[in-house]
Amino acid sequence: MPKKFTQPNPNHLKKTSNNLLLIFTRNPELGKCKTRLAATVGDNAALEIYKFLLKHTVLITKSLAFDKQVYYSEEIWEDDVWDTMTFSKKAQKGIDLGERMENAFKEGFKEGYKKICIIGSDMFDLSKQDIELAYKKLNDNDFVVGPAEDGGYYLLGMKSIYPKLFKDKAWGTGNVLKHTLQNLQDKSYSTLTTRNDVDLYEDIATLDAFQPFLKHMKK
């Protein structure tokens, strides 16, 4: 396991942009990530798949011309895939996902950022261009949402905090997107292309990139 940072994080990078990308991640530990996927492929394969998805997220975000902050679910790791020269590292704070996201957005706006977007770290169907487009859409809209095929969203962006978006949601269910867009019905918002996230075996069963992790399923 990588070395754990002590608090406060000494490698928090200086602000260099008015745009901030928040990346929410789980610490990649056996039996603690991709649990719905693990129910089919097993804990070991689920962990390796999640590590693969983390590397993909690093690849598509590291060269973005925005400040980037990685928010860990459990504890901040020092020596892992998130290079401390590129990504600031912080710990998620809150009871549920909504409160954790809201606190991260609040902290970002308090630091002076004008446009903030949040993504997860397990979207193989997400590209650098998708993220760049989200910030462009915020030029003419106050909010941007990236719908996921499972009824959630893979990206949320805004120019000011709107607490209603983070409350009264059944996180992890197929109603999150619907209720989020209902919250935004009288606001200026835009949506991105619908993408597929990786939660279940069916999400990756036919994708070439994941076949090395699924060999044991074919026997």
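None of these values were measured; they are calculated from a predicted model. (Residues numbered from 1 in each chain as written. Predicted model: local features only at pLDDT ≥ 70, side-chain atom pairs only at ≥ 80, totals over all residues. Heavy atoms only, no water.)

Student: Describe the sheet that holds strand β3 (residues 88–91), with residues and values.
Tutor: The strand order across the open sheet built from seven strands is β3-β2-β1-β4-β6-β5-β7, with neighbouring strands paired in mixed fashion. The sheet is open, and its two borders are formed by β3 and β7 (189–191), each paired with just one other strand. Strand-to-strand twist of the sheet, defined as the mean angle between neighbouring strand axes without regard to direction, takes the value 20°. Direction of pairing for strand β1 (residues 19–25) relative to strand β2 (residues 67–72): parallel, over a ladder of six bridges. Residue pairing for β2: Leu-22 is matched across the bridge by Gln-69. Of the strands in this sheet, β1, β2 and β4 (115–119) touch helix α2 (residues 43–61), which is tilted by about 175° from β1. Against the sheet, helix α4 (residues 128–137) makes contact with β1, β4, β5 (143–147), β6 (153–158) and β7, and its axis sits at roughly 145° relative to β4, the strand it touches most. (Pairing = 2+ DSSP bridges. Helix = DSSP H or I, 4+ residues; strand = E, 2+ residues; numbered from the N terminus. Axes fitted to C-alpha atoms, helices over the stretch in contact; angles between N-to-C directions. Contact = heavy atoms within 4.5 Å.)

Student: Run through the nonpolar core, naming residues and quoting values.
Tutor: If you look at the biggest cluster of nonpolar residues, it comprises 29 residues, and the most contacted ones within it are Leu-21, Trp-82, Cys-117, Ile-131 and Leu-155. Secondary structure elements with two or more residues in this core: β1, α2, β2, β4, α4 and β6. With five residues, the single largest contributor to this core is α2. Apart from the residues lying within four places of it in its own chain, the contact partners of Trp-82 are Ile-23, Thr-25, Leu-54, Thr-57, Val-58, Thr-61, Val-70, Tyr-72, Phe-87, Lys-89 and Ser-121. Within the second largest apolar cluster, 22 residues are counted, among which are Phe-24, Tyr-113, Phe-143 and Val-145. (Core = buried A, V, L, I, M, F, W, Y, C linked by side-chain atoms within 4.5 Å. Buried < 20%, exposed > 50% of the residue type's maximum accessible area, 1.4 Å probe, protein only.)

Everything listed is a geometric property; what it means functionally is a separate question.
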